[in-house]
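# Working through the structure, step by step
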Amino acid sequence: MTLAMMSVGSSPIRTYRAFRANEGLGQKLRGLARAAAIAALAPSRSPTRKTGWVRFPYYHHVFDDERAGFARQLKYFKNIGEIIGIDDAVAIIESENPIDGRYFCLTFDDGFKNWIENALPILVEHQAVAAFFVATGYIGTDPERDRERLLDFYDDRSRLMAFLSWEDCRQMVAAGMTIGSHSVGHVYLKSLDDNVAMDELTISRDMILEKTGQPCRHFCCPFGRTDVDFDPKRHPQMAAQAGYESFLTGHRGKNRPGDSPFDIKRDHLLANWSDHQLRYFLGD
């Protein structure tokens with residue numbers, strides 16, 4: 001049976017609307033209440049009140065119905081700052097020199113197919129770069145052959161996502177993007193002993209170099225919560241020992257000169273969020 005012949009809910013998700021289709025009423029009501037609160041508070045916040053920072057917006061997906069929103073967000077970032085690559089962002093953070101301006105380093109987590117289908121063309125059109133963190137064990141999976149495994153990626157097993165191929169990753173590198181590690185199996189590092197955790201760091205690093213020809217210098221911790229998903233006293237140091245130049249977390253906030261590149265804060269965004277939502281989450 002081909003993908004085109006699969007029933008609804010069995011083929012890979014292509015829209016954010018479909019991604020949310022199985023949310024319960026309670027979850028939808030909480031989302032509406034949260035959106036209303038953000039709309040009310042956003043006018044009092046602004047990302048342009050201060051300079052001297054690097055922020056790392058991060059996404060998981062750009063679905064077909066998020067393309068226009070993602071393009072608008074790139075314009076929003078460029079209107080208030082500059083989009084830079086991750087090597088430059090890490091160098092700025094490591095430096096003790098004051099930052100003259102506002103900088104955004106765009107990042108993506110997991111390895112979904114819609115990155116090359118939707119995100120990459122828009123990035124290229126807007127002359128922007130991003131770092132894409134892939135769970136290497138999922139790259140090259142097939143939605144038909146590996147269906148059960150892919151359904152286990154999310155707690156909601158109705159969410160079948162297609163992942164990139166290694167050829168996709170090579171095309172992204174050729175377009176000026178960076179491929180970083182998100183571990184091999186999208187694991188909770190804190191649940192692993194040190195030897196297994198180090199394998200997740202080094203095997204994924206070596207696979208990215210082998211398959212793309214680009215050295216893998218940056219590691220993004222899956223899930224990314226301090227003391228929940230990783231041990232801040234162990235895992236960033238292990239990443240440094242494995243040769244990585246940064247360790248990215250899932251905690252919001254600005255990064256400033258002198259901050260550790262092994263404790264990078266990032267801001268989770270959805271590609272269809274409006275300007276007032278960006279203003280709320282990125283503003284002071």
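Described in the following lines is the structure provided in the data block. (Residues numbered from 1 in each chain as written. Predicted model: local features only at pLDDT ≥ 70, side-chain atom pairs only at ≥ 80, totals over all residues. Heavy atoms only, no water.)

Before going further, it helps to examine the overall build of the protein chain. A count of helices and strands for the protein chain gives 10 helices and 10 strands. Over its C-alpha trace the protein chain gives a radius of gyration of 19 Å, about what one expects of a compact globule, namely 19 Å for 284 residues. Principal axes of the C-alpha set define a box for the protein chain whose edges measure 60 × 45 × 35 Å. Counting across all 284 residues of the protein chain, residues that qualify as buried make up 50%. Counting contacts in the protein chain only where the partners sit at least 6 residues apart, residues at least 24 apart contribute 75% of the total. A total of about 12,900 Å² of accessible surface is found on the protein chain, and carbon and sulfur atoms cover 50% of it. Across the protein chain, the centroid of the 35 positively charged side chains sits 7 Å from that of the 38 negatively charged ones. (Helix = DSSP H or I, 4+ residues; strand = E, 2+ residues; numbered from the N terminus. Rg over C-alpha atoms; globule rule 2.2 N^0.38 Å. Buried < 20%, exposed > 50% of the residue type's maximum accessible area, 1.4 Å probe, protein only. Contact = heavy atoms within 4.5 Å. Areas by Shrake-Rupley, 256 points an atom, 1.4 Å probe, with all protein chains shown as cover. Lys, Arg positive; Asp, Glu negative; His and termini not counted. Charge placed at Lys NZ, Arg CZ, Asp CG, Glu CD.)

Moving on to the nonpolar core. Core analysis: the largest hydrophobic core is formed by 68 residues, its most contacted members being Phe70, Phe77, Phe108, Leu123, Phe132 and Met172. Discounting chain neighbours no more than four positions away, the residues touching Phe108 are Tyr59, Val62, Phe70, Trp115, Ala119, Ala130, Ala131, Phe132 and Phe133. (Core = buried A, V, L, I, M, F, W, Y, C linked by side-chain atoms within 4.5 Å.)

Bringing the pattern of salt bridges into the picture now. Applying the stated criterion across every chain yields a total of 21 salt bridges. Between Arg234 and Asp194 there is a salt bridge, with the nearest N and O atoms lying 2.5 Å from each other. One end of the pair, Arg234, is in the loop between strand E8 (218-220) and helix H9 (235-241); the other, Asp194, is in helix H8 (residues 194-212), with 40 residues separating them in the sequence. Residue Asp194 is classed as partly exposed on the basis of its relative accessible area, which comes to 37%. A salt bridge links Glu245 to Arg217, with the nearest nitrogen and oxygen atoms 3.8 Å apart. Note that Glu245 is positioned in the loop between H9 and strand E9 (246-248) and Arg217 in the loop between H8 and E8, a separation of 28 residues in sequence. Exposure remark for Arg217: the relative accessible area of 33% places this residue in the partly exposed category. (Salt bridge = Lys/Arg side-chain N within 4 Å of Asp/Glu carboxyl O.)

On to the pairing of strand E6 (residues 130-134). A regular strand carries its side chains on alternate faces of the sheet. The buried count for E6 comes to five of five residues, which makes it a mostly enclosed element. Residues of E6 alternate between two faces, with Ala130, Phe132 and Val134 on one and Ala131 and Phe133 on the opposite face, all of them buried. Here strand E5 (residues 106-110) runs beside E6; their pairing, made up of five bridges, is parallel. Looking at the pairing, Asp110 lines up with Val134 of E6. Handedness of the β-α-β unit built from E5, helix H5 (residues 114-125) and E6 comes out right-handed. Relative to strand E7 (residues 178-181), E6 runs parallel, the two sharing four bridges. Bridge pairing in E7 places Phe132 opposite Ile179. (Pairing = 2+ DSSP bridges. Right-handed = clockwise from strand over helix to strand, strands pointing away.)

With that settled, consider helix H10 (residues 275-282). Residues of H10 that are buried: Gln277, Leu278, Phe281 and Leu282. What you see down the axis of H10 is that its buried residues fit within an arc of 110°, all on one side. Lining the buried residues of H10 we find helix H2 (25-41), strand E1 (53-55), helix H3 (67-80), strand E4 (102-104) and strand E10 (267-268). (Arc of directions from axis to C-beta.)

Let's shift gears to a nonpolar patch on the surface. Together, Leu25, Leu29 and Leu32 give the surface a local cluster of nonpolar side chains, amounting to about 350 Å² of exposed area. Within the secondary structure, Leu29 sits in helix H2. (Patch = residues over 30% accessible without salt bridge, like charges linked within 9 Å, V, L, I, M, F, W, Y side chains within 5 Å.)

Volume-wise, the largest pocket comes out at about 1,300 Å³. What lines the largest pocket is a set of 38 residues, and nearest its centre among them are Phe19, His60, Arg159, His268 and Leu270. Sort the elements by how many residues they give to the lining of the largest pocket and H2 lands first, with eight residues. Counted by class, the lining of the largest pocket contains 13 nonpolar, 11 polar and 14 charged residues. Contributing to the lining of the second largest pocket are 17 residues, with Pro12, Ile13, Arg14, Glu117 and Ala162 lying nearest its centre. Class assignment for the residues of the lining of the second largest pocket results in nine nonpolar, four polar and four charged. (1 Å grid on protein atoms, 1.4 Å probe; cavity = no way out; pocket = protein on both sides within 12 Å on 5 of 7 lines; lining within 4 Å. Points joined across faces, edges and corners; volume = space filled by probe spheres on them. Nonpolar A, V, L, I, M, F, W, Y, C, P; charged D, E, K, R; others polar.)

So, on to the environment of Ile38. Residue position: Ile38 is located in helix H2. Assessed through its relative accessible area of 5%, Ile38 is described here as buried. In sequence terms Ile38 and Gln277 are 239 residues apart; their C-alpha atoms lie 6.7 Å from each other. Excluding residues that lie within four positions of it along the chain, Ile38 makes contacts with His276, Gln277, Tyr280 and Phe281.

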